[in-house]
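Observations on chain architecture
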Amino acid sequence: MPLTALQGRPEVTEHTMEYLHLLLAEWQILADLGMGDVLLTVPEDHLHSVEGVLRPVVGTPMVIAAHTRPATAQTAYVEDLIGRAVGDGLGEFLREAWENHSVSVYRDRHARRQVFAVPIVYETVTVAVLSLHAEMGDDRLSGMDLTYRDCAMDLMKMALTCQWPASGVPTAPGRGAPRVGDGVICLTAQDCVRFMSPNAVSALNRVGSVAKAMGESLTDVVGSVLPVGQQVDEVLMGVLRGRVADYAELRRGRTAIMFRSIPVRLNGERTGAIILCRDVSELRRRERELSSKDATIRETHHRVKNSLQTVAALLRMQARRADTEDEHRALAQAMRRVDTVALVHDALSETPDSAVDFDAYFARQLRTIVDLAKTEVRVTAELQGQFGEVPGHLVTPLALVLNEVVTNAVEHGLAVDGGNLTVTAHRRPAQGLASDHPAPPVEELVVVVEDDGVGLPADFPIGRWAADQRDADEPAPRGLGTRIVRNLVLGELDGSISWARGEKSGTVVETTVPLYLDPVAAPSSDR
């Protein structure tokens, strides 16, 4: 029975499910501190007692709804347990724990395992049993292990009344959320350090001496090693005192320590806090390097765009001095192609990742093509559907293909009487590849360019070019523009393109581009 199956039960409200999901998001801490597997179990059936309290039916199986394993000890259960019923002896113990509003203990001497269990009571209604399954034998545990186990018992007692995990706790800023294995610090009710794990000592030693930290306040210890005049972060001070459930990062030079505070409240009184800490200096260094690389890449795209615009301007000047119409047309076409690539680099310089919002980009390109086309008639262009985000390595070839197709439609199909040009883009599940393809695309981008102009010449080779269906009878390209389109579609885009005459007039050109989940898995082409 997965956790989602509880949603249909009358005693489980929407707020109850939110808390249970929050518990599952945080309970790895409990498994690591308790050094054992943590299970969430629920009974298959309920029975209303005379007092109106829901209790498990006598003998009903207790079913495991969720399970997590520890990172600090060997797991007690290797197999997947979700949906399975607990054995009779342990099942009876969990049914009894349902009604016992304290930590219940069960010792299985045959399996050499001890189980600690508490009911999860949300707004006076018991909805599940939380249990920690650890190896038996406290006498073999070290002092640090016993401290960890005590912390786990505190968390279980707070989970009984849904005080832990606390709702509204911010997520960790950036990467590097501390875990139990990274370092544990325990505070008393007076905010003084009563325990520090070896990893916690090593982490704090990176920012200064912590030899006298035991019995002292962390705020005093950390404050004594900060440079004079450095502003103190109030959130950091609150976390170091264990007063607020939050994250905070301490930085000194190139050293960065991430802290997470879990206040401990039992029977309505604050008894201390558990603080997890982690040295994230190396993570932050890598993030700085990546940020610097991203900035360098964006600056490179920006400079390439500027250079290409200069080239386009030079081509424009040369076109004005052309002696013949053919020379002028060839230079104008080259200028538009350079402008297209420049727009691509402009889009890449503005995006923080490798994907480009092609809708915003192509809307600009479509207007530019129509405005620069040398026609004396009215041409109306419309963009329908959505391209979505296109991987960066596909943006330039796709933009060049659409530039050629749209330019041909405007300058040839609509040059005489004008008319309407429609570009429609949509995505669909991948088609045409065998199921045993080593790296099949997840979907396809389909772009249809349609006009209502004079249509294709009678001798134009109508047909289809496809990367996955090479045919000796495929139409031969005509002109430089058509050869550019064919090479880009069959090569870099690994897709297909087809030409057809419209139902009444005009031309319909359909381009299909496969989109892969992992660009590295896309088949390479040597065409």
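Residues numbered from 1 in each chain as written. Predicted model: local features only at pLDDT ≥ 70, side-chain atom pairs only at ≥ 80, totals over all residues. Heavy atoms only, no water.

**As for the confidence of the model for the protein**
We apply this condition: A score between 0 and 100, pLDDT records how confident the predictor is in each residue. Contacts were defined at the residue level, with two residues in contact if any of their heavy atoms lie within 4.5 Å.
Mean pLDDT over the protein stands at 83; residues scoring 70 or higher make up 87%. Of the regions scoring below 50 in pLDDT, residues 433–437 engages in three contacts with residues more than four places distant in sequence or in other chains.

**So, the packing of helix α9 (residues 325–350) against helix α11 (residues 392–413)**
Convention followed: Think of each axis as a best-fit line through the C-alpha atoms, taken over the contacting stretch in the case of a helix, with angles from 0 to 180 degrees between the N-to-C directions. Only runs of H or I of at least four residues qualify as helices and only runs of E of at least two qualify as strands under DSSP, and these elements are numbered from the N terminus. Put simply, a crossing is left-handed when the front helix is turned counterclockwise from the back one by less than a right angle, and right-handed when it is turned clockwise. All amino acids are sorted into three groups, where Ala, Val, Leu, Ile, Met, Phe, Trp, Tyr, Cys and Pro are nonpolar, Asp, Glu, Lys and Arg are charged, and the leftover types, Gly among them, are polar.
Interaxial distance between α9 and α11 falls to 10 Å at its minimum, and their mutual angle equals 140 degrees. Seen from above, α9 lies across α11 with right-handed handedness. Contacts between α9 and α11 pair Arg 336, Arg 337, Thr 340, Val 341, Val 344 and Leu 348 from the former with Gly 392, Val 395, Thr 396, Ala 399, Leu 400, Asn 403, Glu 404, Thr 407 and Glu 411 from the latter. Residues belonging to the contact of α9 with α11 are distributed by class as follows: six nonpolar, five polar and four charged.

**Section: the nonpolar core**
The condition is simple: Grouping buried Ala, Val, Leu, Ile, Met, Phe, Trp, Tyr and Cys residues that are joined through side-chain atoms within 4.5 Å yields what is termed a nonpolar core. Only protein chains enter the accessibility calculation, which uses a 1.4 Å probe; a residue whose area is less than 20% of its type maximum is buried, one above 50% is exposed, and one in between is partly exposed.
Phe 358, Phe 362, Phe 387, Val 406 and Ile 497 are the most contacted members of the largest nonpolar core, which totals 47 residues. Considering each element in turn, this core owes the most residues, eleven residues, to α11. Non-local contacts of Phe 362, meaning those with residues more than four positions away in its chain, are made with Leu 383, Phe 387, Leu 402, Val 406 and Val 423. The next biggest cluster of nonpolar side chains, apart from the first, holds 46 residues, and it includes Leu 20, Leu 130, Leu 132 and Leu 155.

**Here we look at the pairing of strand β6 (residues 113–122)**
The condition that has to hold: One bridge is not enough; two strands pair if DSSP finds at least two bridges between them.
Within β6, ten of the ten residues are buried, which leaves the element mostly enclosed by the surrounding structure. Looking at chain direction, strand β5 (residues 104–108) and β6 are connected through five bridges and run antiparallel. Bridge pairing links Tyr 106 to Val 115 in β6. Where β5 folds back on β6, the antiparallel hairpin that results is connected by four residues, among which Arg 112 adopts a positive phi of roughly 50 degrees. Direction of pairing for β6 relative to strand β7 (residues 125–135): antiparallel, over a ladder of ten bridges. Bridge pairing in β7 places Phe 116 opposite Leu 132. Hairpin connection between β6 and β7: a loop of two residues separates the two successive antiparallel strands, and Glu 123 in this loop has a positive phi of roughly 55 degrees.

**Observations regarding the packing of aromatic side chains**
One pair of aromatic rings is described through two measures. These are the centre distance and the angle between the planes. Let me state the cut-off plainly: Ring geometry is summarised as follows: Phe, Tyr and Trp rings, the Trp one being its six-membered ring, pair when their centres sit within 6.5 Å, and such pairs are stacked at plane angles under 30 degrees, edge-to-face over 60 and tilted between the two.
One pass over the structure, following the stated rule, counts eight aromatic pairs. With centroids separated by 5.2 Å and ring planes inclined at 80 degrees, the aromatic side chains of Trp 465 and Trp 499 adopt a geometry described as edge-to-face. Of this pair, Trp 465 sits in strand β18 (residues 464–466) while Trp 499 sits in strand β19 (residues 496–501), placing them 34 residues apart in sequence. Through a chain of ring-to-ring contacts, three or more aromatic side chains come together here, namely Phe 358, Tyr 361, Phe 362 and Phe 387.

**Section: the pairing of strand β12 (residues 269–279)**
The buried fraction of β12 amounts to eight of the eleven residues, a majority that puts the element mostly inside the structure. The pairing of strand β11 (residues 255–266) with β12 spans ten bridges and is classified as antiparallel. Residue pairing in the sheet places Ile 257 in a bridge with Asp 279 of β12. Linking two consecutive strands that pair antiparallel, namely β11 and β12, is a turn of two residues; a positive phi of about 55 degrees is found at Asn 267 within it.

**What to know about the sheet that holds β18**
Across the sheet, six strands lie side by side as β14-β16-β17-β20-β19-β18; this open sheet has mixed pairing. Two strands in the sheet have a free side with no partner beyond their single neighbour: β14 (379–385) and β18. Strand-to-strand, the axes of this sheet are offset by a mean angle of 15 degrees, without reference to chain direction. Pairing of β14 with strand β16 (residues 419–429) involves seven bridges; the strand directions are parallel. Counterpart to Thr 380 in the pairing with β16 is Asn 420.

**Quick notes on helix α12 (residues 479–490)**
As a reminder of what qualifies: A helix's residues, less one, multiplied by 1.5 Å, set its expected span.
Across its twelve residues, α12 extends 17 Å between first and last C-alpha, which sits within 8% of the 16 Å expected from 1.5 Å per residue. Where α12 is buried, its residues contact α9, α11, β18 and β19.

**What about the environment of Gly 455?**
Along the chain, Gly 455 turns up in the loop between β17 (443–451) and β18. Under the relative-accessibility criterion, Gly 455 is labelled buried at 17%. Other than its neighbours up to four places away in sequence, Gly 455 contacts Gly 506 and Thr 507.

**Quick notes on the pattern of salt bridges**
Threshold: Every case where a carboxyl oxygen of Asp or Glu lies within 4 Å of a side-chain nitrogen of Lys or Arg is listed as a salt bridge.
By the definition in use, this model includes 14 salt bridges. What emerges from the salt-bridge pattern is a single network uniting Asp 191, Arg 241, Arg 243 and Arg 270.

**Focus: the sheet that holds β6**
Reading across from one edge, β4-β1-β7-β6-β5 is the order of the five strands in this open sheet, with antiparallel pairing throughout. With partners counted over all chains shown, the strands left at the sheet margins are β4 (62–68) and β5, one partner each. Pairs of neighbouring strands in the sheet enclose a mean axial angle of 30 degrees, with direction left out of account. Both strand β1 (residues 36–43) and β7 contribute to a ladder of six bridges, which runs antiparallel. Directly across from Thr 41, in β7, lies its bridge partner Val 129. Relative to β6, helix α1 (residues 14–26) is tilted by about 150 degrees, and along the sheet it contacts β1, β4, β6 and β7. Lying over the sheet, helix α4 (residues 143–160) contacts β6 and β7, oriented at roughly 30 degrees with respect to β6.

**Quick look at the side chain of Asp 359**
As a reminder of what qualifies: Within this scheme the basic residues Lys and Arg register as positive and the acidic residues Asp and Glu register as negative, but His and the chain ends are omitted. Under the rule applied, a polar contact is a pair of N or O atoms within 3.5 Å (in protein, one hydrogen donor and one hydrogen acceptor; residues adjacent in sequence only if both atoms are side-chain atoms).
On the secondary structure map, Asp 359 appears in helix α10 (residues 358–372). Despite its burial, Asp 359 remains without a salt bridge, the nearest opposite charge being carried by Arg 427 at 7.0 Å. At 2.8 Å, the side chain of Asp 359 and the backbone nitrogen of Gly 388 are in polar contact. Setting aside residues no more than four positions away along its own chain, Asp 359 makes contact with Leu 383, Gly 385, Gln 386, Phe 387 and Gly 388.

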